[in-house]
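Summary of the model geometry
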Amino acid sequence: MAEITAGMVKELREKTDAPMMECKKALAEANGNMGKAEEILRVRLGSKASKAASRITAEGAVAAYVTPDGKSGALVEVNCETDFVAKNAEFLGFAAALAQLAAVKQPADVDALSRLALKGVAVEEARKALIGKIGENVAIRRVVRMVSQGRLAAYIHGGARIGVLVNLTGGDDALAKDLAMHIAASRPVALSAAAVPADLLVKERSIAAAKAAGSGKPPNIVEKMVEGAVQKFLKEVTLLGQPFVKNDKQSVEQLLKSKGASVAAFALYVVGEGLEKKKGDFVSEVMAQVGQAV
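Residues numbered from 1 in each chain as written. Predicted model: local features only at pLDDT ≥ 70, side-chain atom pairs only at ≥ 80, totals over all residues. Heavy atoms only, no water.

Time to look at helix H9 (residues 198–213). An ideal rise of 1.5 Å per residue puts 22 Å on 16 residues; H9 measures up with 22 Å between its terminal C-alpha atoms. Along H9, the residues classified as buried are Glu204, Ile207, Ala208 and Ala212. For H9, the angular spread of the buried residues around the axis is 130°, confining them to a single face. Projecting away from the buried face of H9 at angles above 90 degrees are the exposed residues Ala198, Asp199, Val202 and Ala213. (Helix = DSSP H or I, 4+ residues; strand = E, 2+ residues; numbered from the N terminus. Expected span 1.5 Å × (residues − 1). Buried < 20%, exposed > 50% of the residue type's maximum accessible area, 1.4 Å probe, protein only. Arc of directions from axis to C-beta.)

To continue, consider the packing of H9 against helix H10 (residues 219–237). The relative placement of two packed helices comes down to the angle between their axes together with the axis-to-axis distance. The contact between H9 and H10 brings their axes to 9 Å, and the two run at 140°. Of the possible angle classes, the one that applies to H9 and H10 is oblique. The interaxial crossing formed by H9 with H10 has right-handed handedness. Of the residues in H10, those in contact with Leu200, Leu201, Glu204, Arg205, Ala208, Ala209, Ala212 and Ala213 of H9 are Val222, Met225, Val226, Glu227, Ala229, Val230, Phe233 and Leu234. A per-class count over the contact of H9 with H10 returns 13 nonpolar, no polar and 3 charged. (Axes fitted to C-alpha atoms, helices over the stretch in contact; angles between N-to-C directions. Parallel < 35°, antiparallel > 145°, perpendicular 65-115°, else oblique. Left-handed = near helix turned anticlockwise from the far one by under 90°. Contact = heavy atoms within 4.5 Å. Nonpolar A, V, L, I, M, F, W, Y, C, P; charged D, E, K, R; others polar.)

Confidence along the chain averages 86 in pLDDT terms, with 88% of residues attaining 70 or more. A low-confidence stretch, residues 47–57 stays under pLDDT 50, and its non-local contacts, those more than four residues away or across chains, total 24 contacts. The low-confidence segment residues 289–294 (pLDDT under 50) makes 19 contacts with residues lying over four places distant or belonging to another chain. (pLDDT = per-residue confidence, 0-100.)

Another aspect to go through is helix H5 (residues 89–105). Taking 1.5 Å of rise per residue, the 17 residues of H5 would be expected to cover 24 Å, and the 24 Å separating its terminal C-alpha atoms lies within 8% of that figure. Looking at H5, one finds that the buried residues are Phe91, Phe94, Ala95, Ala97, Leu98, Ala99, Leu101, Ala102 and Ala103. The opening residue of H5, the one whose side-chain oxygen lies 2.8 Å from the backbone nitrogen of Glu90, is Asn88. Directly beyond the C-terminal end of H5, a positive phi value near 55° is found at Gln106. (Polar contact = N/O pair within 3.5 Å; in protein donor to acceptor, adjacent residues only side chain to side chain.)

So, on to the sheet that holds strand E5 (residues 139–147). One open sheet holds the 3 strands; their spatial order is E1-E2-E5, and the pairing between them is antiparallel. The open sheet has two free edges, formed respectively by strand E1 (59–66) and E5, since each of these has just one partner strand. Pairwise comparison of adjacent strand axes, ignoring direction, gives a mean angle of 10° for this sheet. In this sheet, strand E2 (residues 72–80) lies alongside E1 in antiparallel orientation, the contact comprising 8 bridges. When the sheet's bridge partners are listed, Tyr65 is paired in E2 with Ala74. Packing of H5 onto the sheet brings it into contact with E1, E2 and E5, and relative to E2 it is tilted by some 150°. (Pairing = 2+ DSSP bridges.)

A large share of strand E7 (residues 162–169) lies buried, amounting to 7 of its 8 residues. Bridge analysis of strand E6 (residues 151–157) against E7 gives 7 bridges, and the strand direction is antiparallel. If you follow Arg151 over to E7, its bridge partner there is Leu168. The turn linking E6 back onto E7 is made up of 4 residues, and Gly158 within it adopts a positive phi angle of 65°. Bridge count for E7 against strand E10 (residues 262–270) is 8 bridges, and the pairing is antiparallel.

Quick look at the structure:
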């Protein structure tokens, strides 16, 4: 059996807010596997243990740009080492310039964006020059671009830590803005139930089944409990299923139908999402994520 250290228990508690002893038990049961221990706590303690999904540790900024005609847009995430630099005007200006460049030129990915010209030099050279100025590493982590037959709307929230781009057909500019703000607040993982990643659905069904199994109900009731929990989950994580933030009596899907509109796609970036910040090794971790080297 793996050794369960105080540090491991502390880390799991910080991720889940579960009691220390519950964290220790879960780690022991999971033989030290942090991810498995989180799942065990979710089964035992419910959604409280899912807070880890919203814990962001990496630093940086998200920038967005939509062309004046509303037809082309982009989101970019640029990472740095400290929160201090994330608020630096030159750093934020670099991120904003990248978003505008990506919206206009529509590069396929970060590598393609890095090869484009920005103020007469390649983006990659501009990135290295910025590193020299601010004294911290800078990485262009990801970019998404969209072209719309209807209209695009962008929204940046939380000091450039959350960015949204939404592609709307029908409706109007006010609806597009409301949807972008809703996405930033509610953070859906997919547009509809059909688009939810299969592995995520399997994981949630497994958790629901484990919770229902402990209820002592007959198998047919357990099956209904599991299906009910899965459907509830799908409503919580899909844009169309979520209650609209400005009117929780109405789902986003109902709102769109009432406006004769539809969402073709959306993108949501949260700074550092998916990155685990390790003391003294953040730079190499970010570089590994984006496949770049200074």
